[in-house]
Amino acid sequence: MRLTAKLVLGSVLRLIAEMSLAGLGRPAYDRGSMTRLTRYILRQCFGVMVFVTAALSAAVWMAQSLPLIDLIVNRGLSLDVFLYLAALIMPRFLDIVLPIGIFIAVLFTFNRLTAESELVVMRAAGLSPMALARPVLILAAIAFAILMSLSLYVLPVSSRAFKDLQFEIRNRFVSSLIQEGTFTTISDKLTFYIRSREANGDVVGLLINDSRDPQRPITILAQRAAFVDTAAGSRIVMLNGNRQQFDPQTHKLSVLTFQRYTLDLESMQDAPVVRFRGAQERFLGELLFPPAGLDALVRRSFIMEAHQRLLIPLSALSFSLIPLACLLPGEFSRRGQAKRVIVALGAAFLFQVSSLGVNDLAARFNEAIPLMYVVDLLPFAVGLTILLNRGIRFGFRRPGYAAARAI
């Protein structure tokens, strides 16, 4: 057996010795052994949780980072900017992956403890389901603290930094956004087109259509061009082209031919200085008390985001108790507990589907928001009740066995 079996067997021997010395006022159990068992189970669950969360996060991170890789391969964005952008998107899905990680960790750890008879020895030593659930509750508290810190601070800060950098790239690093052979809209009524891009970054065949001023639309054509970053800002240096401006009042087209022409990209930015921040970029106080004058739909999205920020950490508590409520109570079976594992997986799936359904309902009707808390906390309350009462059974007892137990 593993270390746990040895610890529990030692605890059993101490328990027998202490029961024989009960008249001397010795304690009924060894608190030190209980603490070591708690640390052992907690260490096992925590290790699996970290592994599963890291694996799922890496898979989702790779999928979400694929559009950013295009910024390096085809658009010339630097590697450090890519890594910074990829790191900023991590908190967006970590709050979804971590509750799943704690569920898999608890389910895997306690199923393994049962398969290797370690859990049987613990229960034979007199440990109740609540005593065995203590390390899982500690793990759930750790996950709750991590998720709450993500919801309250890390998520809005990272989302705000990501949107700001994306906004800056769109307005300053125009060359990183333009694709070959396609018309790329940089800002309102400002379109770029390039035929091809050479290995050194120079552009062959450039077209710029600037129709921000409907009274003075401008079209610039150039055989070659280069995007240059200077201390004063970004510039486009164009060679061998012309600048066409059409006057709709006089219906005249003025054409300026040039051999070398420099265009200041800063002057072509028509984006507002202060950017409106979405719900993911707001802190919890801003979401619960949105500024006055907001559209009703935007205000509703702010309220929903605030409640979801609070519910995601609470879901970790429910995900941690679902496998415990299915695996710990009841009688031990040498045939294994595949039925209990399937029930735990089904309960977790049902919980997730119900949560998504209620969230969708609350997004349309704010009166259903309290129902979100009921659905998210119901598995935790039911699981805690089952562990306290040891009240879960799978299957039916045979009449003969029940009569023997009654005698």
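Everything discussed here concerns the structure shown above.
(A) The arrangement of the packing of aromatic side chains in detail. Scanning all chains against the criterion turns up four aromatic pairs. Note on Phe258 and Tyr261: the rings are 5.1 Å apart at their centroids and 35° apart in plane angle, and the pair reads as tilted. We classify Tyr261 as partly exposed; its relative accessible area is 22%. Ring plane angle 70° and centroid distance 5.1 Å describe the contact between Phe319 and Phe351, whose orientation is recorded as edge-to-face. In this pair, Phe319 is assigned in helix α8 (residues 296–327) and Phe351 in helix α9 (residues 338–364), connecting sequence segments 32 residues apart. By relative accessible area, Phe351 is classed as buried at 6%. One aromatic cluster is present, formed by Phe103, Phe319 and Phe351 through successive ring pairs. The side chain of Arg92 reaches across the aromatic face of Phe162, ending 4.4 Å from its centre.

(B) Looking closely at the packing of helix α4 (residues 90–115) against α8. Their axes nearest at 9 Å, the elements α4 and α8 cross at an angle of 15°. For the element pair α4 / α8, the angle class is roughly parallel. Viewed along their axes, α4 and α8 form a crossing whose handedness is right-handed. Here Asp95, Pro99, Ile102, Phe103, Val106, Leu107, Phe110 and Asn111 of α4 come into contact with α8, specifically with Ile312, Ser315, Ala316, Phe319, Ser320, Ile322, Pro323, Leu324 and Leu327.

(C) Region of the structure containing unusual backbone geometry. Of note in this structure, Ser117 is not a glycine but carries a positive phi near 65°. Tracing the backbone shows Ser117 in the loop between α4 and α5 (118–124). The phi torsion at Asn240 lies on the positive side, around 55°, for a residue other than glycine.

(D) Geometry of a nonpolar patch on the surface. On the surface, a nonpolar cluster with roughly 360 Å² of combined accessible area is contributed by Phe46, Val50, Ile138, Ile142 and Ile146. Of all the elements in the fold, those that place two or more residues in the nonpolar patch are α2 (31–73) and α6 (129–171). If you tally residues by element for the nonpolar patch, the top one is α6, at three residues.

(E) Structural detail: the packing of α9 against helix α10 (residues 369–389). Following both chains from N to C, one finds α9 and α10 inclined at 170°, their axes separated by 8 Å at the closest point. Overall, the two elements α9 and α10 adopt an arrangement that is roughly antiparallel. Together, Phe351, Ser354, Ser355, Val358, Asn359 and Ala362 of α9 and Ile369, Leu371, Met372, Val375, Asp376 and Pro379 of α10 make up the contact between the two elements.

The rules behind each value
Residues numbered from 1 in each chain as written. Predicted model: local features only at pLDDT ≥ 70, side-chain atom pairs only at ≥ 80, totals over all residues. Heavy atoms only, no water. Phe/Tyr/Trp six-rings, centres within 6.5 Å; stacked < 30°, edge-to-face > 60°. Buried < 20%, exposed > 50% of the residue type's maximum accessible area, 1.4 Å probe, protein only. Helix = DSSP H or I, 4+ residues; strand = E, 2+ residues; numbered from the N terminus. Lys NZ or Arg CZ within 6 Å of the ring centre and 35° of its normal. Axes fitted to C-alpha atoms, helices over the stretch in contact; angles between N-to-C directions. Parallel < 35°, antiparallel > 145°, perpendicular 65-115°, else oblique. Left-handed = near helix turned anticlockwise from the far one by under 90°. Contact = heavy atoms within 4.5 Å. Patch = residues over 30% accessible without salt bridge, like charges linked within 9 Å, V, L, I, M, F, W, Y side chains within 5 Å. Areas by Shrake-Rupley, 256 points an atom, 1.4 Å probe, with all protein chains shown as cover. Salt bridge = Lys/Arg side-chain N within 4 Å of Asp/Glu carboxyl O.

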